[in-house]
Amino acid sequence: MREIQNKIENADAILIAASNGLSISEGYHLFADNPAFRELFSDFRTKYGIRCIIQGMTYPYKTEEETWAFWSRLITRYVHSYTPTCQMKELKKIVGKKPYFIITSNAETHFEIAGFDSKKIYEIEGTLIEMQCAKACHKTIYPVTEMIEKMAAAEKDGLVPSELVPRCPICGGSMQLRYGFSPSFIQDEDASERYMTFIDQYYNQKLVILELGIGAGNRLIKEPLMKLAASGRDITYITINKGEIYIAGNIKDKSFGLDGDLTDILAELSSALS
Ligand SMILES: [Zn+2]
């Protein structure tokens, strides 16, 4: 912990990378048939046989009224009703006033709600607060917050009213969340560019990569970051995860692995720094 503390204190910048493990530690569990899932989606569970959020996200509902009922209920609970957790507060203390950037596949926009700058976040698989044409007939990204609020208020028996189902303003077809399940997914080019600019700027400086809750085999974020750590002169790679720490052999001299609960480890790290 002392060595990690020194690395963070002396860093020119911090790159935070986060995936499911962080969401799970905050109570948003995509894969569990847990009490939170059963409470929110008991009717969907019975009607469609879904056993976790991810199954609900990918279920082939017959109507858009059902699809949007699922999403509006999910987004209301995990985005609109979210209040920043201890993990986020500790993380903000750890970053302090240092330059930072966040790359995440979590989509629930918790970093943004917790007060991190949205211009310094790259949601690599999209977000739950935006939608696009399902056929990607044009590349405009639309906000959904107001629409979701109306849907959630009007949802009845697992259906939203037909008049609230959005249509593409160009082709008249379906809209879908801009969230990485479909081949028509529209990438956020601006955020991707800001991320690359950050990497270019700090690649040859003292950069600390702080990885939170990313599975050992993750190819989307973890693998590229381990390659980045290997090629940069002064990059430190810190991975925090519960029961699943993996550090590639070629970066082990510049890496730290902390196995345990993110809530506890972030609190410990933050108090070591202050
Ligand atoms: Zn369209």
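Not measured: the values here are computed from a predicted model. Sequence order sets the numbering: in each chain, residues are counted from 1 along the sequence as written. Totals for whole chains, interfaces and linings use every residue, but because this is a predicted model, local features are given only for residues with pLDDT of at least 70 and side-chain atom pairs only at 80 or more, for both listing and counting. Only hydrogens and water are removed before side-chain values are computed, so all heavy atoms of the structure are retained for them.

1. What to know about the overall build of the protein
- Strands here are runs of E lasting at least two residues and helices are runs of H or I lasting at least four, both read from the DSSP assignment and numbered beginning at the N terminus. In terms of regular secondary structure, the protein is built from 11 helices and nine strands.
- Over its C-alpha trace the protein gives a radius of gyration of 20 Å, about what one expects of a compact globule, namely 19 Å for 274 residues.
- The C-alpha extent of the protein, read off along each of the three principal axes, is 55 × 40 × 30 Å.
- Looking at the protein residue by residue over its 274 residues, the buried ones come to 50%.
- By the convention used here, residues are in contact when the closest approach between their heavy atoms is within 4.5 Å. When contacts within the protein are restricted to residue pairs at least 6 apart in sequence, those whose partners lie at least 24 apart make up 66%. The quantity called the radius of gyration is restricted to C-alpha atoms. Its globule counterpart is 2.2 Å times the number of residues to the power 0.38. Relative accessible area decides the class of each residue, using a 1.4 Å probe on protein chains only: under 20% of the type maximum gives buried, over 50% gives exposed, and in between gives partly exposed.

2. Quick look at the environment of Thr-236
- With respect to the helices and strands, Thr-236 occurs in strand S8 (residues 235-241).
- Along the primary structure Thr-236 and Ser-162 are separated by 74 residues, whereas in three dimensions their C-alpha atoms are 52 Å apart.
- Among all residues touching Thr-236, those that are not within four sequence positions of it are Lys-7, Leu-207, Val-208, Ile-209, Lys-254 and Phe-256.

3. Observations regarding the sheet that holds strand S6 (residues 175-179)
- At least two DSSP bridges between two strands are required for those strands to pair. Pairing is antiparallel in the open sheet, where three strands are placed in the order S5-S4-S6. Strands with a single pairing partner mark the edges of an open sheet, and in this sheet they are strand S5 (142-143) and S6.
- Of the strand pairs in this sheet, strand S4 (residues 126-133) and S5 are connected by two bridges, and their pairing is antiparallel. Its bridge partner lying in S5, Glu-130 is registered against Pro-143.
- Each of S4 and S6 touches helix H5 (residues 64-80); the most contacted strand, S6, lies at about 35° to it. An axis is simply a line fitted to the C-alpha atoms; with a helix, the fit covers only the stretch in contact. Between two such axes, the angle follows the N-to-C directions and lies from 0 to 180 degrees.

4. What about helix H11 (residues 262-273)?
- To estimate the expected span of a helix, count its residues, drop one, and scale the result by 1.5 Å. Over its 12 residues, H11 runs 16 Å from end to end, which matches the ideal 16 Å to within 8%, given 1.5 Å per residue.
- Within H11, burial applies to Leu-262, Ile-265, Leu-266, Leu-269, Ser-270 and Leu-273. Taken end-on, H11 shows its buried residues confined to a sector of 130°, consistent with a single buried face.
- Looking at the buried positions of H11, the neighbouring elements they touch are helix H1 (2-10), helix H2 (20-25), helix H6 (86-95), strand S7 (207-212), S8 and strand S9 (255-259). Starting at the helix axis, one direction is taken to each C-beta atom, and the arc is that of these directions.

5. What to know about the sheet that holds S7
- With parallel pairing, six strands are arranged side by side in an open sheet as S3-S2-S1-S7-S8-S9. Only two strands of the sheet have a single partner each, and these edge strands are strand S3 (121-123) and S9. Between one strand axis and the next, the sheet turns through 15° on average, direction left out of account.
- For strand S1 (residues 13-18) and S7, the ladder comprises six bridges, and the chain directions are parallel. Residue Ala-13 lies in a different strand from S7, and its bridge partner there is Leu-207.
- H1 rests against S1, S7, S8 and S9 of the sheet, and its axis sits at about 125° to S9.
- Those strands touched by helix H10 (residues 222-231) are S1, strand S2 (100-104), S7 and S8, and its axis lies near 150° from that of S8.

6. Some details on the packing of aromatic side chains
- Centres within 6.5 Å make a pair out of two Phe, Tyr or Trp rings, where for Trp the six-membered ring is used; the pair is then stacked when the planes are under 30 degrees apart, edge-to-face when over 60, and tilted otherwise. Taken as a whole and assessed by the stated rule, the structure comprises 20 aromatic pairs.
- Aromatic rings pair up to connect Phe-37, Phe-41, Phe-44, Tyr-48, Tyr-59, Tyr-61, Phe-70, Trp-71, Tyr-179 and Phe-181 into one cluster.
- Remark: a charge is flagged as sitting over a ring if the NZ atom of Lys or the CZ atom of Arg is within 6 Å of the ring centre and within 35 degrees of the ring normal. Its end group placed over the ring of Phe-116, Lys-92 keeps NZ or CZ at 5.6 Å from the ring centre.

7. Digging into the pairing of S8
- Of all seven residues that make up S8, seven are buried, and the element is covered over most of its length.
- Pairing of S7 with S8, which is carried by six bridges, proceeds in the parallel orientation. When the bridges of S8 are listed, Glu-211 appears paired with Thr-239.
- Handedness of a crossover is defined as follows: with both strands directed away from the viewer, a clockwise route from the first strand across the helix to the second makes it right-handed. The parallel pair S7 and S8 is bridged by H10, and the resulting crossover is right-handed.
- In this structure, S8 lies alongside S9, joined through five bridges in parallel fashion.

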